[in-house]
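# Descriptive analysis of the structure
Below, each chain spelled out in residue letters.
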Amino acid sequence: MTYDVASTDSPSLHVLVRHQDVDGARLGAKVVVVIDVLFATSTIVRVLGAGAGAVYPARDDDDAREEAARRVGAVIAGEYLARTLPGWAPATPLALSAQVREGSELVYSTTNGTRAIAACAGAVAVYAGALTNAAALARHIAQAHPGVPVLLVCAGSLGRLCLGDFIGAGHVVRALRTCAGYAPSDAALAAELAALAAEPVAALSGSRVGRLLADAGLEDEIADAGNRDCCEVVPVLRDGRMVRAAA
(Lines give C-alpha, C1' and ligand atoms only; values in the text may rest on other atoms or scores of the structure.)
Protein backbone atom coordinates (compact mmCIF):
# COMPACT_ATOMS: atom_id res chain seq x y z
CA MET A 1 0.00 0.00 0.00
CA THR A 2 1.22 3.51 -0.79
CA TYR A 3 0.35 6.87 0.68
CA ASP A 4 0.22 10.24 -1.00
CA VAL A 5 2.68 12.61 0.66
CA ALA A 6 1.07 15.94 1.47
CA SER A 7 3.10 19.11 0.94
CA THR A 8 4.57 20.83 3.96
CA ASP A 9 2.05 23.66 3.66
CA SER A 10 -0.92 21.27 3.79
CA PRO A 11 -3.18 21.52 6.85
CA SER A 12 -2.22 19.14 9.62
CA LEU A 13 -4.27 16.10 10.61
CA HIS A 14 -3.65 14.60 14.04
CA VAL A 15 -5.20 12.06 16.39
CA LEU A 16 -5.29 12.09 20.19
CA VAL A 17 -6.11 8.70 21.70
CA ARG A 18 -7.86 10.06 24.81
CA HIS A 19 -9.71 13.26 25.58
CA GLN A 20 -7.66 13.94 28.70
CA ASP A 21 -4.78 14.98 26.40
CA VAL A 22 -6.72 17.89 24.91
CA ASP A 23 -5.02 21.25 25.48
CA GLY A 24 -7.79 23.80 25.32
CA ALA A 25 -5.34 26.66 24.78
CA ARG A 26 -4.26 25.12 21.45
CA LEU A 27 -7.71 24.53 19.95
CA GLY A 28 -8.49 28.03 18.70
CA ALA A 29 -7.15 27.46 15.19
CA LYS A 30 -8.33 23.87 14.75
CA VAL A 31 -11.39 21.94 13.68
CA VAL A 32 -12.01 19.13 16.16
CA VAL A 33 -13.80 15.85 15.58
CA VAL A 34 -14.70 13.94 18.74
CA ILE A 35 -15.03 10.17 18.31
CA ASP A 36 -16.69 7.80 20.77
CA VAL A 37 -17.82 4.86 18.67
CA LEU A 38 -19.25 2.85 21.61
CA PHE A 39 -21.42 4.84 21.86
CA ALA A 40 -21.70 8.59 22.45
CA THR A 41 -20.94 10.03 19.01
CA SER A 42 -22.55 7.07 17.22
CA THR A 43 -25.66 7.79 19.26
CA ILE A 44 -25.62 11.52 18.50
CA VAL A 45 -25.38 10.77 14.78
CA ARG A 46 -28.21 8.23 15.02
CA VAL A 47 -30.66 10.35 17.04
CA LEU A 48 -30.19 13.45 14.90
CA GLY A 49 -30.82 11.25 11.90
CA ALA A 50 -33.99 10.00 13.58
CA GLY A 51 -35.33 13.54 13.81
CA ALA A 52 -34.06 14.98 17.09
CA GLY A 53 -33.63 18.73 16.90
CA ALA A 54 -30.64 19.01 19.22
CA VAL A 55 -28.53 17.05 21.70
CA TYR A 56 -26.97 18.76 24.71
CA PRO A 57 -23.71 16.94 25.60
CA ALA A 58 -23.44 17.14 29.38
CA ARG A 59 -20.16 17.29 31.25
CA ASP A 60 -21.50 14.92 33.90
CA ASP A 61 -24.80 13.73 35.36
CA ASP A 62 -25.19 16.83 37.58
CA ASP A 63 -24.79 19.08 34.55
CA ALA A 64 -27.34 16.91 32.71
CA ARG A 65 -29.92 17.25 35.48
CA GLU A 66 -29.46 21.02 35.62
CA GLU A 67 -29.80 21.35 31.85
CA ALA A 68 -32.86 19.09 31.74
CA ALA A 69 -34.51 21.23 34.41
CA ARG A 70 -34.06 24.26 32.14
CA ARG A 71 -35.50 22.49 29.08
CA VAL A 72 -39.12 21.52 29.61
CA GLY A 73 -39.95 18.35 27.71
CA ALA A 74 -36.35 17.38 26.95
CA VAL A 75 -35.45 13.69 27.03
CA ILE A 76 -32.62 12.99 29.46
CA ALA A 77 -30.46 10.02 28.56
CA GLY A 78 -27.16 8.70 29.76
CA GLU A 79 -24.89 6.08 31.20
CA TYR A 80 -21.98 5.72 33.54
CA LEU A 81 -19.61 2.79 33.14
CA ALA A 82 -21.97 1.29 30.52
CA ARG A 83 -25.00 1.28 32.84
CA THR A 84 -28.08 3.36 32.07
CA LEU A 85 -28.55 5.92 34.82
CA PRO A 86 -31.68 5.23 36.91
CA GLY A 87 -34.82 6.80 35.49
CA TRP A 88 -33.04 8.01 32.33
CA ALA A 89 -33.46 6.93 28.73
CA PRO A 90 -30.83 4.51 27.36
CA ALA A 91 -27.63 5.94 25.91
CA THR A 92 -27.20 3.58 22.95
CA PRO A 93 -27.92 4.44 19.29
CA LEU A 94 -30.83 2.13 18.44
CA ALA A 95 -32.55 2.25 21.82
CA LEU A 96 -32.40 6.02 22.16
CA SER A 97 -33.32 6.82 18.56
CA ALA A 98 -36.48 4.71 19.04
CA GLN A 99 -37.59 7.23 21.69
CA VAL A 100 -36.96 10.33 19.60
CA ARG A 101 -39.79 12.46 18.26
CA GLU A 102 -39.37 14.92 15.40
CA GLY A 103 -37.70 18.07 16.69
CA SER A 104 -37.25 16.78 20.23
CA GLU A 105 -34.39 17.94 22.44
CA LEU A 106 -32.14 15.51 24.26
CA VAL A 107 -29.86 15.99 27.22
CA TYR A 108 -27.16 13.35 27.03
CA SER A 109 -24.45 12.30 29.48
CA THR A 110 -21.86 9.54 29.05
CA THR A 111 -18.74 8.39 30.84
CA ASN A 112 -16.31 9.65 28.19
CA GLY A 113 -17.85 10.96 24.97
CA THR A 114 -19.92 13.92 26.10
CA ARG A 115 -17.11 15.02 28.41
CA ALA A 116 -14.75 14.93 25.44
CA ILE A 117 -17.08 17.21 23.45
CA ALA A 118 -17.25 19.67 26.34
CA ALA A 119 -13.44 19.70 26.59
CA CYS A 120 -13.15 20.77 22.95
CA ALA A 121 -15.64 23.63 22.93
CA GLY A 122 -12.98 26.27 22.22
CA ALA A 123 -12.15 24.97 18.73
CA VAL A 124 -13.05 26.63 15.42
CA ALA A 125 -15.74 23.97 15.10
CA VAL A 126 -16.51 20.75 16.96
CA TYR A 127 -18.05 17.77 15.17
CA ALA A 128 -19.21 14.33 16.28
CA GLY A 129 -17.57 11.62 14.22
CA ALA A 130 -18.26 7.90 14.00
CA LEU A 131 -17.79 4.99 11.66
CA THR A 132 -21.36 5.57 10.52
CA ASN A 133 -20.90 9.13 9.22
CA ALA A 134 -17.18 9.36 8.36
CA ALA A 135 -17.56 9.92 4.62
CA ALA A 136 -20.23 12.63 4.97
CA LEU A 137 -18.27 14.27 7.80
CA ALA A 138 -15.05 14.37 5.78
CA ARG A 139 -16.77 15.92 2.77
CA HIS A 140 -18.35 18.59 4.96
CA ILE A 141 -15.12 19.50 6.76
CA ALA A 142 -13.10 19.66 3.54
CA GLN A 143 -15.67 22.01 2.00
CA ALA A 144 -16.53 24.13 5.07
CA HIS A 145 -13.00 24.49 6.50
CA PRO A 146 -10.47 24.39 3.64
CA GLY A 147 -6.89 24.73 4.82
CA VAL A 148 -7.77 24.45 8.54
CA PRO A 149 -5.89 21.90 10.70
CA VAL A 150 -8.03 19.02 11.93
CA LEU A 151 -7.65 17.27 15.27
CA LEU A 152 -9.44 13.98 15.86
CA VAL A 153 -10.04 13.37 19.57
CA CYS A 154 -10.77 9.83 20.65
CA ALA A 155 -12.86 9.89 23.80
CA GLY A 156 -10.96 6.91 25.19
CA SER A 157 -12.06 4.79 28.11
CA LEU A 158 -11.35 6.12 31.60
CA GLY A 159 -8.08 7.66 30.50
CA ARG A 160 -6.96 4.77 28.31
CA LEU A 161 -6.86 4.11 24.58
CA CYS A 162 -10.09 2.59 23.30
CA LEU A 163 -9.72 0.38 20.22
CA GLY A 164 -13.13 1.29 18.81
CA ASP A 165 -12.38 5.01 18.92
CA PHE A 166 -8.93 4.51 17.37
CA ILE A 167 -10.38 2.52 14.48
CA GLY A 168 -13.14 5.10 14.09
CA ALA A 169 -10.53 7.86 13.97
CA GLY A 170 -8.59 5.92 11.35
CA HIS A 171 -11.66 5.62 9.15
CA VAL A 172 -12.23 9.38 9.44
CA VAL A 173 -8.54 10.00 8.63
CA ARG A 174 -8.88 7.91 5.49
CA ALA A 175 -12.06 9.73 4.48
CA LEU A 176 -10.49 13.17 5.04
CA ARG A 177 -7.36 12.24 3.06
CA THR A 178 -9.57 11.06 0.23
CA CYS A 179 -11.27 14.47 0.15
CA ALA A 180 -8.31 16.84 0.58
CA GLY A 181 -4.54 17.08 0.99
CA TYR A 182 -3.91 16.90 4.71
CA ALA A 183 -0.50 16.34 6.28
CA PRO A 184 -1.11 13.45 8.69
CA SER A 185 0.87 12.92 11.87
CA ASP A 186 2.25 9.49 12.67
CA ALA A 187 -0.64 9.00 15.08
CA ALA A 188 -3.11 9.73 12.28
CA LEU A 189 -1.34 7.31 9.95
CA ALA A 190 -1.29 4.64 12.67
CA ALA A 191 -5.03 5.03 13.16
CA GLU A 192 -5.62 4.81 9.41
CA LEU A 193 -3.56 1.62 9.18
CA ALA A 194 -5.51 0.11 12.07
CA ALA A 195 -8.80 0.94 10.37
CA LEU A 196 -7.69 -0.50 7.05
CA ALA A 197 -6.66 -3.75 8.74
CA ALA A 198 -9.84 -4.19 10.77
CA GLU A 199 -13.31 -5.53 10.13
CA PRO A 200 -15.16 -2.96 12.23
CA VAL A 201 -17.82 -5.04 13.97
CA ALA A 202 -15.37 -7.82 14.81
CA ALA A 203 -12.86 -5.31 16.15
CA LEU A 204 -15.47 -3.49 18.21
CA SER A 205 -16.87 -6.73 19.60
CA GLY A 206 -13.43 -8.04 20.49
CA SER A 207 -12.26 -4.89 22.24
CA ARG A 208 -12.33 -4.56 26.02
CA VAL A 209 -15.25 -2.13 25.95
CA GLY A 210 -17.03 -4.19 23.30
CA ARG A 211 -16.81 -7.34 25.40
CA LEU A 212 -18.32 -5.52 28.37
CA LEU A 213 -21.16 -4.22 26.21
CA ALA A 214 -21.76 -7.61 24.61
CA ASP A 215 -22.02 -9.13 28.09
CA ALA A 216 -24.76 -6.57 28.73
CA GLY A 217 -26.71 -7.83 25.68
CA LEU A 218 -25.83 -4.93 23.37
CA GLU A 219 -24.58 -6.90 20.36
CA ASP A 220 -27.11 -5.25 18.02
CA GLU A 221 -25.98 -1.81 19.16
CA ILE A 222 -22.34 -2.72 18.52
CA ALA A 223 -23.22 -3.96 15.03
CA ASP A 224 -25.08 -0.72 14.29
CA ALA A 225 -22.13 1.41 15.46
CA GLY A 226 -19.80 -0.61 13.21
CA ASN A 227 -21.78 0.05 10.03
CA ARG A 228 -19.45 2.28 8.03
CA ASP A 229 -20.66 5.32 6.07
CA CYS A 230 -24.35 4.51 6.35
CA CYS A 231 -25.45 7.97 7.49
CA GLU A 232 -25.23 11.45 5.99
CA VAL A 233 -25.76 13.27 9.30
CA VAL A 234 -22.96 15.65 10.37
CA PRO A 235 -23.44 16.80 13.98
CA VAL A 236 -21.78 20.11 14.89
CA LEU A 237 -21.65 21.98 18.20
CA ARG A 238 -23.69 25.19 18.09
CA ASP A 239 -24.42 27.23 21.23
CA GLY A 240 -23.54 24.28 23.42
CA ARG A 241 -25.74 21.76 21.58
CA MET A 242 -25.06 19.25 18.85
CA VAL A 243 -27.23 19.96 15.80
CA ARG A 244 -27.16 18.91 12.16
CA ALA A 245 -24.69 20.96 10.14
CA ALA A 246 -26.13 22.80 7.17
CA ALA A 247 -25.65 20.92 3.91
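What counts as what
Residues numbered from 1 in each chain as written. Predicted model: local features only at pLDDT ≥ 70, side-chain atom pairs only at ≥ 80, totals over all residues. Heavy atoms only, no water. Salt bridge = Lys/Arg side-chain N within 4 Å of Asp/Glu carboxyl O. Helix = DSSP H or I, 4+ residues; strand = E, 2+ residues; numbered from the N terminus. Buried < 20%, exposed > 50% of the residue type's maximum accessible area, 1.4 Å probe, protein only. Pairing = 2+ DSSP bridges. Patch = residues over 30% accessible without salt bridge, like charges linked within 9 Å, V, L, I, M, F, W, Y side chains within 5 Å. Areas by Shrake-Rupley, 256 points an atom, 1.4 Å probe, with all protein chains shown as cover. 1 Å grid on protein atoms, 1.4 Å probe; cavity = no way out; pocket = protein on both sides within 12 Å on 5 of 7 lines; lining within 4 Å. Points joined across faces, edges and corners; volume = space filled by probe spheres on them. Nonpolar A, V, L, I, M, F, W, Y, C, P; charged D, E, K, R; others polar. Axes fitted to C-alpha atoms, helices over the stretch in contact; angles between N-to-C directions. Parallel < 35°, antiparallel > 145°, perpendicular 65-115°, else oblique. Left-handed = near helix turned anticlockwise from the far one by under 90°. Contact = heavy atoms within 4.5 Å.

This part covers the pattern of salt bridges. Applying the stated criterion across every chain, the model contains 12 salt bridges. Put simply, Arg139 and Glu232 hold a salt bridge, and the shortest N to O gap is 2.7 Å. Separated by 93 residues along the polypeptide, Arg139 in helix H5 (residues 134-144) and Glu232 in the loop between helix H10 (219-225) and strand E10 (235-238) bring together distant segments of the chain. For Glu232, a relative accessible area of 53% translates into the label exposed. The residue Glu192 makes a salt bridge to Arg177 at a minimum N-O spacing of 3.0 Å. Within this pair, whereas Glu192 is found in helix H7 (residues 186-197), its partner Arg177 is found in helix H6 (residues 163-179), the two being separated by 15 residues in sequence. Among the residues examined, Glu192 registers a relative accessible area of 0% and is labelled buried. Here the salt bridges share partners, and the residues they tie into one network are Glu67, Arg70, Arg71, Glu105 and Arg241.

Turning our eyes to something else, we now look at the pairing of strand E7 (residues 125-129). Counting buried positions along E7 yields 5 of 5 residues, so the element is predominantly enclosed. Alternating residues of E7 divide into Ala125, Tyr127 and Gly129 and Val126 and Ala128, and every residue in both groups is buried. Summarising the sheet, strand E2 (residues 31-35) and E7 pair through 5 bridges and their orientation is parallel. By the bridge assignment for E7, Val32 is matched with Val126.

Another aspect to go through is helix H1 (residues 40-49). Burial within H1 is extensive, with 8 of its 10 residues counted as buried. Inspection of H1 places Ala40, Thr41, Ser42, Thr43, Ile44, Val45, Val47 and Leu48 among the buried residues, and these make up the whole buried set. Phi turns positive one or two residues past the end of H1, at Gly51, with a value near 115 degrees.

A cluster of nonpolar residues, Tyr80, Leu81 and Leu158, forms a patch on the protein surface that exposes about 300 Å² of accessible area. Of note, Leu81 is situated in the loop between strand E4 (75-80) and strand E5 (83-84).

Next up on the list: unusual backbone geometry. The omega angle of the peptide bond from Leu38 to Phe39 is 5 degrees, so this bond is cis rather than trans. A positive phi angle, near 55 degrees, is found at Leu81, a position not held by glycine. On the basis of relative accessibility, which here comes to 47%, the residue Leu81 falls in the partly exposed class. Phi at Ala82 is positive, roughly 75 degrees, even though this residue is not glycine.

On to the layout of surface pockets. Roughly 550 Å³ of volume is contained in the largest pocket. Contributions of two or more residues to the lining of the largest pocket are made by E5 and helix H9 (208-215). Considering every element that reaches the lining of the largest pocket, the biggest residue donor is H9, with 4 residues. When the residues that make up the lining of the largest pocket are grouped by side-chain class, the tally is 15 nonpolar, 8 polar and 5 charged.

Moving on, we come to the packing of H5 against H6. Interaxial distance between H5 and H6 falls to 8 Å at its minimum, and their mutual angle equals 45 degrees. Between H5 and H6, the crossing angle belongs to the class labelled oblique. Every pair of crossing elements has a handedness; the one defined by H5 and H6 is right-handed. In this structure, H5 uses Ala134, Ala135, Leu137, Ala138, Arg139, Ile141 and Ala142 to contact H6, whose residues at the interface are His171, Val172, Ala175, Leu176 and Cys179.

Quick look at the environment of Arg208 now. Assignment of secondary structure puts Arg208 in helix H9. Arg208 gets classed as partly exposed once you look at its relative accessible area, which sits at 34%. Expressed as a C-alpha distance, the spacing of Arg208 and Leu189, which sit 19 residues apart in the sequence, is 23 Å. Excluding residues that lie within four positions of it along the chain, Arg208 makes contacts with Ser157 and Arg160.

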